[in-house]
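Coordinate analysis (summary)
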Amino acid sequence: MSGSVGAGALNLETLARVPATHRSALDPRALSIGVVHLGLGVFHRTHQISFLERAALESGETCWGVSAYSERSPAAAELLAAQDGLYSLRIAAPGATALTVLSSLREARFAPGDPVLIERLCDPAVALVTLTVSEKGYRLDPSQRALARDDPELLADAAGRPPVTVVGQLVRGLEARARLGAPLSVVCCDNLAENGRLLAGLVADFATLPGARVDGGLAAYLESAVGFPSTVVDRISPAPGDADRAAAARALTVADAAAVVTEPFADWVIEDRFAGRRPALERAGARLVDDVVPYAELKLRALNGTHSAIAWCGLLLGDGWVHETLARPPVARFVAALLSEEIGPSLAVPPGVDFASYAASVTERLANPELPYANTQVASDSGQKLPGRILSTVRACRAAGIAPRRCALALACYLRVALSGRSDAGDPVDFPDGARERLSVAAAGAPSSAAAARRALSVREVFAEDLGHDAVFVGLVGDALEAITTHGLAAVLDAE
Ligand code: CS2
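Quick caveat: nothing in here was measured; it's all calculated off a predicted structure.

Per the secondary structure count, the chain includes 21 helices and 14 strands. In terms of overall size, the chain behaves like a compact globule, its C-alpha atoms giving a radius of gyration of 23 Å where 496 residues would be expected to give roughly 23 Å. By principal-axis analysis of the C-alpha atoms, the chain measures approximately 65 × 55 × 45 Å. Here the chain holds 496 residues, and the buried ones make up 57% of them.

In structure tokens, the structure reads:
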């Protein structure tokens, strides 16, 4: 990677000027590439890179440097390429902070159409592919856990152009690698239930898209030499801001445009289904287990479900940040009840986990004032996030005979802010979420909140077939939406 962007910027040459306390003990120049990563966002930098860095330090292996690709825009890849892959990770907690330049990111490029990505995927020295492309990045029909078969980009990739979609890139890389036969582990690190199984299904599905041209050898290779372990990833990592970059520059004495910030907590639970070699991730604290499903359900429903619920409440209440919303006693009470009366009792917790302690740690982490997380960031792509985070609890509650009242109130908050685009005080609220338009079209002209809820819940792409036909659930959401619309969320929460 080439690089300096100026004497004052972090890169391999200026690294020597960074105070030793802020440098990793791992020499970036000594690392060779063994990992390909798709989705070069903040979370990759705070999570997988930090596990790989620790694993390399603990094991002494220098063969797990990362070649990472941004997917949506070239911006992150350009920033990191200009810094020779170097960036600082700050860990922020009340009363403690640590800031270190990590070494493991060795190459940063823009994926769509890049032939180097396919070359890397065929390199026998690469044994691991990790992905953090967000729920949206897989181009799913969310209610089906399958590819959206009418997605024009997927169809164009399937017909054989240089791939622009994530699944298209994986398929083309795997197709080429199949000729080599070298094993590979593809590790999905997005917040989706049974994410490895899901991704394996999407890769297989690609060949069935209309007009798809896929090499006949791929299926046998997938079967015999490619592992798709499911995972659970956890580390709260907000989008960094100017103040974070300024703090990094002060500590490092050189500018770091790719600086990121995260919390002390980090978890990576991985199903032990690798194919071939892998980094010693367990030496970095990753947990290798036979079955990730209970861990995934716990994390998606208790942490992410709560996060989303707080964010929707916060947007209606006019708050910018998650910790600010959670500091409101009525919201804290609502969240506690959501966890203890609906999420906890409808969940099969993993062996050895005490749900009440887990729930307490979740609320403590989300309340961390040192790590402001924007309500709009959590609310983005809500339509894609809802099924695993909230609807799973709704279904489990219905099956267990529990009335999902708090889930219904959370969803009503989402519908209220998504449909109105305003806070309760009437201020405009905006967040990117493809489902909003569909829901607005469905609910347009509804004569009452109950009718708006009924129509919105019949949007199959978000709520699947079952929930729109569940009269009890539709009634709960309708009542909650009516109450919020009439009295405002603050009054509704006060009366809870
Ligand atoms: C958040 C997650 O933005 C969001 O949707 O709920 O990114 C959350 O911070 C992580 O999953 C924590 O591990």
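This paragraph deals with the site of the ligand. Taken together, 14 residues sit near the ligand, with Asp 234, Lys 299, His 307, Tyr 373 and Lys 385 positioned nearest. Residue Asn 191 places a side-chain N or O atom 2.9 Å away from an oxygen atom belonging to the ligand. One of the side-chain N or O atoms of His 307 is found 2.7 Å from an oxygen atom in the ligand. Notes on the ligand: free accessible area 340 Å², of which the protein chains cover 90%. When residues of the shell around the ligand are traced back to their parent elements, those giving at least two are strand E11 (231-234), helix H10 (293-317), helix H14 (375-379) and helix H15 (382-400). Of all the elements, H10 adds the most residues to the shell around the ligand, at four residues. Residue composition of the shell around the ligand, by class: five nonpolar, four polar and five charged. Each of two domains, domain 1 (15-289) and domain 2 (293-494), supplies a minimum of three residues to the shell around the ligand.

Attention shifts here to the sheet that holds strand E13 (residues 267-271). Here three strands make up an open sheet; going across it, the order is E11-E13-E14 and the pairing mixed. The outermost strands of the open sheet, each flanked by one partner alone, are E11 and strand E14 (287-289). The mean inter-strand angle of the sheet, taken between neighbouring strand axes irrespective of direction, is 15 degrees.

Here the chain is partitioned into domain 1 (15-289) and domain 2 (293-494). At the boundary of domain 1 and domain 2, one finds five salt bridges. A salt bridge links Arg 389 to Glu 135, with the shortest nitrogen-to-oxygen separation between them at 3.7 Å. Across the domain 1-domain 2 interface, the total number found is six residue pairs in polar contact (both at pLDDT 80 or more). The set of elements that each furnish at least two residues to the side of domain 1 that touches domain 2 consists of strand E3 (87-93), E11, strand E12 (260-262) and E14. Take the side of domain 1 that touches domain 2: its biggest share by element is three residues, from E11. A breakdown of the residues in the side of domain 1 that touches domain 2 according to their chemical character gives 15 nonpolar, five polar and eight charged.

All right, on to the pairing of strand E2 (residues 65-70) then. Among the six residues in E2, six count as buried, and that is most of the element. Neither face of E2 is left uncovered, since the one carrying Gly 65, Ser 67 and Tyr 69 and the one carrying Val 66, Ala 68 and Ser 70 both have all their residues buried. For strand E1 (residues 33-38) and E2, the ladder comprises five bridges, and the chain directions are parallel. Its bridge partner lying in E2, Ile 33 is registered against Gly 65. The pairing of E2 with strand E5 (residues 105-110) spans five bridges and is classified as parallel. By the bridge assignment for E5, Ala 68 is matched with Ala 108.

In total, this model carries two aromatic pairs according to the counting rule given. Taking the centre distance of 5.4 Å and the plane angle of 75 degrees together, the rings of Phe 51 and Trp 268 count as edge-to-face. Here the residue Phe 51 occupies a position in helix H2 (residues 48-59), and Trp 268 occupies one in strand E13, the gap between them amounting to 217 residues. Ring centres of Trp 312 and Tyr 414 lie 5.1 Å apart, and the angle between their planes is 35 degrees; this geometry places the pair in the tilted category. Here Tyr 414 lies in helix H16 (residues 405-420) and Trp 312 lies in helix H10, a separation of 102 residues in the sequence. Residues Trp 312 and Tyr 414 agree in their burial class; the two are buried. Positioned above the aromatic ring of Phe 265 is the side chain of Arg 365, whose terminal nitrogen or guanidinium carbon lies 3.8 Å from the ring centre. When the ring centre of Phe 431 is taken as reference, the NZ or CZ atom of Arg 436 above it lies at 4.6 Å.

Glancing now at the pattern of salt bridges. In the structure shown here, the tally under the stated rule is 26 salt bridges. Taking the shortest distance from any N to any O, the salt bridge between Asp 157 and Arg 161 comes out at 2.7 Å. Since its relative accessible area comes to 29%, Arg 161 is described here as partly exposed. Its salt-bridge partner being Arg 395, residue Asp 466 comes within 2.5 Å of it at the nearest N-O pair. Residue Asp 466 is found in helix H19 (residues 460-468), and its partner Arg 395 is found in helix H15; the two are separated by 71 residues along the sequence.

Attention now goes to the packing of H16 against helix H20 (residues 471-487). It is at 8 Å that the axes of H16 and H20 come closest, and there the two elements cross at 55 degrees. With respect to their mutual orientation, H16 and H20 come out oblique. For H16 against H20, the interelement crossing comes out right-handed. The residues of H20 that touch H16, namely those facing Arg 405, Ala 408, Leu 409, Leu 411, Ala 412, Cys 413, Leu 415 and Arg 416, are Phe 473, Leu 476, Val 477, Ala 480, Leu 481, Ile 484 and Thr 485. For the contact of H16 with H20, the class distribution of residues is 12 nonpolar, one polar and two charged.

On to empty space enclosed by the protein, then. Tallied over the entire structure, the rule returns two cavities of 30 Å³ or more. In this structure, the largest cavity encloses a volume near 50 Å³. Lining of the largest cavity is provided by Asp 190, Asn 191, Leu 192, Asn 195, Thr 231, Val 232, Val 233, Ala 296, Lys 299 and Leu 300. Elements with a contribution of two residues or more to the lining of the largest cavity: E11 and H10. Its residues placed into classes, the lining of the largest cavity shows five nonpolar, three polar and two charged. Approximately 40 Å³ is the volume attributed to the second largest cavity. Lining the second largest cavity are Ile 236, His 307, Val 322, His 323, Arg 365, Leu 366, Asn 368, Leu 371, Pro 372 and Tyr 373. Elements supplying a minimum of two residues to the lining of the second largest cavity: helix H11 (322-326) and helix H13 (355-366). Among the residues forming the lining of the second largest cavity, the class breakdown is six nonpolar, three polar and one charged.

Definitions and cut-offs
- Residues numbered from 1 in each chain as written.
- Predicted model: local features only at pLDDT ≥ 70, side-chain atom pairs only at ≥ 80, totals over all residues.
- Heavy atoms only, no water.
- Helix = DSSP H or I, 4+ residues; strand = E, 2+ residues; numbered from the N terminus.
- Rg over C-alpha atoms; globule rule 2.2 N^0.38 Å.
- Buried < 20%, exposed > 50% of the residue type's maximum accessible area, 1.4 Å probe, protein only.
- Near = heavy atom within 4 Å.
- Polar contact = N/O pair within 3.5 Å; in protein donor to acceptor, adjacent residues only side chain to side chain.
- Areas by Shrake-Rupley, 256 points an atom, 1.4 Å probe, with all protein chains shown as cover.
- Nonpolar A, V, L, I, M, F, W, Y, C, P; charged D, E, K, R; others polar.
- Domains from an automatic or database assignment.
- Pairing = 2+ DSSP bridges.
- Axes fitted to C-alpha atoms, helices over the stretch in contact; angles between N-to-C directions.
- Salt bridge = Lys/Arg side-chain N within 4 Å of Asp/Glu carboxyl O.
- Phe/Tyr/Trp six-rings, centres within 6.5 Å; stacked < 30°, edge-to-face > 60°.
- Lys NZ or Arg CZ within 6 Å of the ring centre and 35° of its normal.
- Parallel < 35°, antiparallel > 145°, perpendicular 65-115°, else oblique.
- Left-handed = near helix turned anticlockwise from the far one by under 90°.
- Contact = heavy atoms within 4.5 Å.
- 1 Å grid on protein atoms, 1.4 Å probe; cavity = no way out; pocket = protein on both sides within 12 Å on 5 of 7 lines; lining within 4 Å.
- Points joined across faces, edges and corners; volume = space filled by probe spheres on them.

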